[in-house]
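Observations on chain architecture
These are the residues of each chain, in order.
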Amino acid sequence: MRQVWKLLLLASCLTASFAAGAQDDQAPGQAHANKGASPRAELARQPPTLQNIYGRQPLSLNGRWSYIIDPYETGFYNYRRQPFDQSPTGAGGFYDDRKPKDKDDAVEYNFDGSPTLAVPGDWNSQAARLEFYEGTLWMRQKFNAAPKDGKRYFLYFGAVNYEAHVYLNGKKLGSHKGGFTPFQFEVTGRLLKGENTVVVKADNTRHQDDIPTVNTDWWNYGGITRDVLLAETPDTYIEDYQIQLAKGDMGRIEGHVQLAGARRAQDVTVSIAELGVKTTVRTDANGRAAVSIALPKNKVRYWSPEDPKLYNVTIAGATDTLNDRIGLRTIETRGHDILLNGKSVFLRGISLHDENPLIPGRLRGEGDMRMMLQWAKDMNCNYVRLAHYPHSEEMIKLADEMGLLVWAEVPVYWTISWEKPEVYANARQQLTDLVVRDKNRASVIIWSIGNETPVSPVRTEFMGKLADTVRSLDRTRLVGAALEVHRTGDVVTVEDPLADKIDLASFNQYAGWYWSNNKEMMKFSFKVNYNKPVLVTEFGADALGGYHADTDTKWSEEYQDQLYKNTFKLLDAIPGLRGMTPWVLTDFRSPRRPHPYFQDYWNRKGLISETGKKKQAFYTLKSYYEQKQQQYK
Ligand code: GCU
């Protein structure tokens, strides 16, 4: 049954003539489809994603989407393997959503009669025949629109894993690579008055030259895994802004605003009514202005896990206004100390994947996310390591609200094709998209440029450039990565040329699991020769929830629990230890874990099982963190 979504943009729907007038911010040649373009319409603009799109009350296109499984990409290529959308007419693919003209017209696909799946949502967890599926799935949604003169429209995807080709009303908008970061197309002038059809070709096939590569320890959940939104803006709109405390200065906000559109040069006022502060800036010819606001003494409630205060910030120009809830805090390092608002903190953390263990699959919405973050708080955490890729914007906003510091990461994971410029460009783009999206979130204190990447000159150059990229985008936060360690006998040395480019001595270690066992692991010691805060970004052991045995029997809860107790002793001996994020909050799916009884394609290092059962080590970590909390009062 076709579901037609009513898009109530505003009651008044003017005639469907669009403001297709040349926007001087259009790149040359970026004509709108309806401006007499060739039969094969020009691709849509993919402008920088709107900052705070949720602040625009966008229309959600979430819901049940019809889908077609297409492992041979029959809906994309003709039988000579030429893309239909590159043909002179651009037609022929499943994106035409074609119906038979009459009884002698054999169309070999039909969205109307196809099954549906929930968007947002990976496909692997929604149909048995898709559990291990890697390939192309076509998805279609229909919705009504009432576009108006003088307004601009953006079709936004929170994430599609891994490669997306997007079509609106049979015409290609464009494509995107990268499974965890948002992208959007300007569809001004392409929206029809009345019913519209959006079709997405999503392909989660892994490739060695992608970011991540073919080699990961997590499930390759494919599809439209985050929100799909249609936003309306004025002709000249607020495209981006950063409003944060200046680096190391608790008395001043420093940032910028960026407008887009014909009237980019205008006065913009940034105000925080609750603090009685405001400033008006004049954007330049490119639409950009720096923002600097002095804050009243002894009046600001600085954001912290103990007091996650968010202020309503209003950004008002002549043509557009946006509100956002922003926390004010500083984060720095000084020698071995991590200073939050000038005070040394210990990061009582836990690592987690973007996955719900109870209903396996990517986190679907606020309910899932709140559950995961509450489990972390139940464990007395003040910090989470959102591994190994950008989690959703919703998740980060919840961390802001619930008071959890965040390590955010791009999936530059293990064996990347370091020597290829296009691979670096992909990594840089994903990192840029992450920083642009979340740079106003107080909870985010660390941008991580990768995890356990094998040391080589080309790798260290690649990662060093990523670190430079982060700093060019955001001077206020720390840069991290899980550095490499090496063992000489019983001494574990953290020694990695990449350390010079990041702010932390952060590393993973698996004494007692991959290295030795509970009986012998106390022989290990750690050498960390950096005058930086030490963060142990991973340690842990697999335990099948409910499997009980002695503390020398691997896979048992007792083994995992004893390993945690042993590990605390080993790590507390490290001078400069300022935090940890044991691996991992909950059991999670992984194709690398096939043991039929202990794993069944689950990585069992969770402190909570896939039935939501807290294992013994959960309570051990909780009480260790209670001690740390007292120590850092
Ligand atoms: C690695 C890696 C994780 C992986 C874990 C494990 O260090 O960072 O992604 O899941 O160890 O082996 O369980």
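Residues numbered from 1 in each chain as written. Predicted model: local features only at pLDDT ≥ 70, side-chain atom pairs only at ≥ 80, totals over all residues. Heavy atoms only, no water.

**Focus on the pairing of strand β27 (residues 478–482)**
- For β27, the tally of buried residues reaches 5 of 5 residues, placing the bulk of the element in the interior.
- Of the two faces of β27, the one carrying Leu478, Gly480 and Ala482 and the one carrying Val479 and Ala481 are both buried.
- Looking at chain direction, strand β26 (residues 444–451) and β27 are connected through 4 bridges and run parallel. Pairing of Asn451 across the sheet is with Ala482, part of β27.
- Between the parallel elements β26 and β27, the chain passes through helix α4 (residues 457–473) in a crossover that is right-handed. (Buried < 20%, exposed > 50% of the residue type's maximum accessible area, 1.4 Å probe, protein only. Helix = DSSP H or I, 4+ residues; strand = E, 2+ residues; numbered from the N terminus. Pairing = 2+ DSSP bridges. Right-handed = clockwise from strand over helix to strand, strands pointing away.)

**As for the packing of aromatic side chains**
- Overall, the coordinates contain 36 aromatic pairs when judged by the stated rule.
- Ring plane angle 85° and centroid distance 5.7 Å describe the contact between Trp583 and Phe588, whose orientation is recorded as edge-to-face. Like Trp583, the residue Phe588 is buried in the burial classification.
- Ring-pair connections join several aromatic residues into one group, and the members of that group are Phe94, Tyr95, Tyr109, Phe111, Trp138 and Tyr167.
- If you follow Lys201 out to its NZ or CZ, it ends over the ring of Phe76, 4.9 Å from the centre.
- Geometry around Trp513 places Lys554 over its ring, the cationic atom sitting 5.0 Å from the centre. (Phe/Tyr/Trp six-rings, centres within 6.5 Å; stacked < 30°, edge-to-face > 60°. Lys NZ or Arg CZ within 6 Å of the ring centre and 35° of its normal.)

**Overview of the domain arrangement of the chain**
- Its domain assignment divides the chain into domain 1 (2–232), domain 2 (237–328) and domain 3 (333–631).
- Of the roughly 1,000 Å² buried between domain 1 and domain 2 on both sides combined, carbon and sulfur atoms contribute 44%.
- At the junction of domain 1 with domain 2, the criterion picks out 1 salt bridge.
- Between Arg56 and Asp320 there is a salt bridge; the shortest N-O distance is 2.6 Å.
- Run the count over domain 1 and domain 2 and you get 6 residue pairs in polar contact (both at pLDDT 80 or more).
- The residue inventory of the side of domain 1 that touches domain 2, partitioned by class, reads 4 nonpolar, 5 polar and 4 charged. (Domains from an automatic or database assignment. Buried area = accessible area lost by both parts, 1.4 Å probe. Salt bridge = Lys/Arg side-chain N within 4 Å of Asp/Glu carboxyl O. Polar contact = N/O pair within 3.5 Å; in protein donor to acceptor, adjacent residues only side chain to side chain. Nonpolar A, V, L, I, M, F, W, Y, C, P; charged D, E, K, R; others polar.)

**Focus: the sheet that holds strand β9 (residues 183–186)**
- Strand order in this open sheet of 4 strands is β1-β12-β5-β9, and the pairing throughout is antiparallel. The sheet terminates laterally at β1 (59–60) and β9, the two strands that pair on one side only.
- Where strand β5 (residues 151–157) lies against strand β12 (residues 228–234), 7 bridges are found, and the strand directions are antiparallel. Across the sheet, residue Phe154 finds its bridge partner in β12, namely Ala231.

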